[in-house]
Amino acid sequence: MNNYLSISLEVQKALREGKPVVALESTIISHGMPYPQNVETALRVEQTIRDNGAVPATIAIIGGKLKAGCSPEEIEYLGRKGQAVTKASRRDLPVLLARKEDGATTVTTTMIIAAMAGIRVFATGGIGGVHRGAQQTFDISADLEELAQTPVMVICAGAKSILDLGLTLEYLETKGVPVIGYGTDELPAFYTRHSGFGVDYRIDSPEELAAVFKAKIECGLKGGMLVTNPIPEEYSMPKETIDCAIEQALREAEQLGIHGKQCTPFLLAKIKDLTGGDSLAANIQLVLNNARLAAKTATAMCK
Ligand code: PSU
Ligand code: MN
C-alpha cells in the first residue's frame, strides 16, 4: 500500500473480512449534478448499497489523499464545492497529490483507486467514450484506456449519445474489454433503454456477472469489464426529447469552441438545462438502479 492511499475504517474492515464493497465516483457529485441534489443522491446511493448487503466506498481525492470511503461530511464538502473541485483524470493525479489538493474522481481515477484498495466492483451513471467528431479532435475519454488496463467491473447505464456509440464499442473491442448488457442484447443509451447498437453478451444474473469477472481475473487477463444496465422503463425519457437536447448542446459546444476536459461537463450541464428537471430525475434513478446491481454482484463475488 502507498502513502497516498487512505481507506476508511469501515471499508478496511469489510475488505479484511471478505465482505462485499462497491466503489462510487465523485465527479458525478462535484460536476454531474447541482447542489444539493448531488449530495442527497450520493448519500441515497450509499444507503441503497447498504440495503443490498454491501459496503459503499465513495472515492475522491481530498487534501492530497486518495480516499477509498468518504464520510458524509466529505461528501457534503465535495458537493458544496462543486465545479471548484478539479475533475481528476489519470494525468492529474501526481500533481494533485504532491500539492495536497482535492480532486473529483472520474470513472478512470475511481477505477485506479478502487484497484489500489482491492475493490472489484464500481457503480456509476455513465462512462466517457469516443466523442462524435473524434476523427478530427482525437477526443477519446481516458475511461476507455482505464477499462483496458485496470481490473475493476464498471456498472453503468450505457453512454449518452453525446458520444459516438459505435466508435466507442469499436474501441472497447480493440482493447479487449467485454461489454455486457444486463438483461438486454442492446447497449442502453443512459436516459433511454435503446441505442440500436448490440452488446457483446447478454447476462441476466449478478451470479453470472461475478463468474465472468472471476474468470477474467483468475486468468490474468488485464483490464476491466463494462456492464451496461438499462434505466428502468418507468424512468426512461422520450427519445426525441433527449436527442433534440443533445444535438443543441453539441452545436453550442462547437460554436463556443469547448474542448478537452471541459467538453463532457459542458454537454452534461447543457442537456440538464435544456430538459429541465426531467433529466436529473432520470439520472438519479439510473444511478440507484446501478447501485443495487453492483451491491448484488459484489455479494455474489464474495461467495
Ligand atoms: N458521462 C455521464 N455522466 C458523467 C460523466 C460521463 O453521463 O458524470 C463523467 C464521469 O466521471 C466520466 C467522465 O468518467 O465524465 C468522463 O469525462 P471525459 O469525457 O472528459 O473523459
Ligand atoms: Mn475528453
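It should be emphasised that the depicted structure is a prediction, and the values quoted were computed from it without experimental measurement. (Residues numbered from 1 in each chain as written. Chains lettered and ligands numbered in written order. Predicted model: local features only at pLDDT ≥ 70, side-chain atom pairs only at ≥ 80, totals over all residues. Heavy atoms only, no water.)

Our next topic: the packing of aromatic side chains. Across all of its chains, the model carries one aromatic pair by this definition. Ring centres of Phe190 and Tyr191 lie 4.8 Å apart, and the angle between their planes is 90°; this geometry places the pair in the edge-to-face category. Directly above the ring of Phe190 sits Lys160, whose terminal nitrogen or CZ lies 3.6 Å from the centroid. (Phe/Tyr/Trp six-rings, centres within 6.5 Å; stacked < 30°, edge-to-face > 60°. Lys NZ or Arg CZ within 6 Å of the ring centre and 35° of its normal.)

Our focus in this paragraph is the packing of helix H3 (residues 37–51) against helix H4 (residues 72–81). When two helices pack together, their arrangement is given by the angle between their axes and by how far apart the axes lie. Packing of H3 against H4 leaves a shortest axis separation of 9 Å and a crossing angle of 145°. You can see that H3 and H4 cross each other, and the crossing is right-handed. Here Asn38, Val39, Ala42, Leu43 and Glu46 of H3 lie close against H4, whose contacting residues are Pro72, Ile75, Glu76 and Gly79. Taken together, the residues that form the contact of H3 with H4 break down as five nonpolar, two polar and two charged. (Axes fitted to C-alpha atoms, helices over the stretch in contact; angles between N-to-C directions. Helix = DSSP H or I, 4+ residues; strand = E, 2+ residues; numbered from the N terminus. Left-handed = near helix turned anticlockwise from the far one by under 90°. Contact = heavy atoms within 4.5 Å. Nonpolar A, V, L, I, M, F, W, Y, C, P; charged D, E, K, R; others polar.)

Bringing helix H9 (residues 165–174) into the picture now. Because an α-helix packs 3.6 residues into every turn, residues spaced three or four apart end up facing the same way. Within H9, the full set of buried residues consists of Leu165, Gly166, Thr168, Leu169 and Leu172. Down the axis of H9, the smallest arc covering the buried residues is 160°, so these residues share one side. Next to the buried residues of H9 lie helix H8 (142–149), strand E9 (179–182) and strand E11 (225–228). The residue sitting at the N-terminus of H9 and contributing the capping side-chain oxygen is Asp164; that oxygen lies 3.3 Å from the backbone nitrogen of Gly166. Two residues or fewer past H9, Gly176 is found with a positive phi of approximately 75°. (Buried < 20%, exposed > 50% of the residue type's maximum accessible area, 1.4 Å probe, protein only. Arc of directions from axis to C-beta. Polar contact = N/O pair within 3.5 Å; in protein donor to acceptor, adjacent residues only side chain to side chain.)

Near ligand 1 lie 14 residues; those nearest to it are Lys87, Ser141, Asp143, Lys160 and Thr264. A distance of 2.7 Å separates an oxygen atom of ligand 1 from a polar atom in the side chain of Lys87. Asp143 has a polar side-chain atom sitting 2.7 Å from an oxygen atom of ligand 1. Across the complex, the protein chains shield 91% of the 470 Å² of accessible surface that ligand 1 would expose by itself. If you map ligand 1 onto the pockets, it falls in the largest pocket. (Near = heavy atom within 4 Å. Areas by Shrake-Rupley, 256 points an atom, 1.4 Å probe, with all protein chains shown as cover. 1 Å grid on protein atoms, 1.4 Å probe; cavity = no way out; pocket = protein on both sides within 12 Å on 5 of 7 lines; lining within 4 Å. Sits in = over half its atoms within 2 Å of the grid points.)

Quick look at the pairing of strand E3 (residues 55–62) now. With eight of eight residues buried, E3 is to be regarded as a mostly interior element. Here E3 shows no split at all, with Val55, Ala57, Ile59 and Ile61 on one side and Pro56, Thr58, Ala60 and Ile62 on the other all buried. Bridge count between strand E2 (residues 21–24) and E3: four bridges; the pairing is parallel. Within E3, the residue paired with Val22 across the bridge is Pro56. (Pairing = 2+ DSSP bridges.)

Formed by 98 residues in total, the largest nonpolar core has its most connected members in Ile119, Ile127, Leu147, Leu209, Leu226 and Val227. For this core, the leading source of residues is helix H13 (residues 277–302), giving eleven residues. Residue contacts for Ile127: discarding those within four places in its chain leaves Val107, Asp143, Leu144, Leu147, Val154, Cys156, Gly158, Ala159, Leu163 and Leu226. (Core = buried A, V, L, I, M, F, W, Y, C linked by side-chain atoms within 4.5 Å.)

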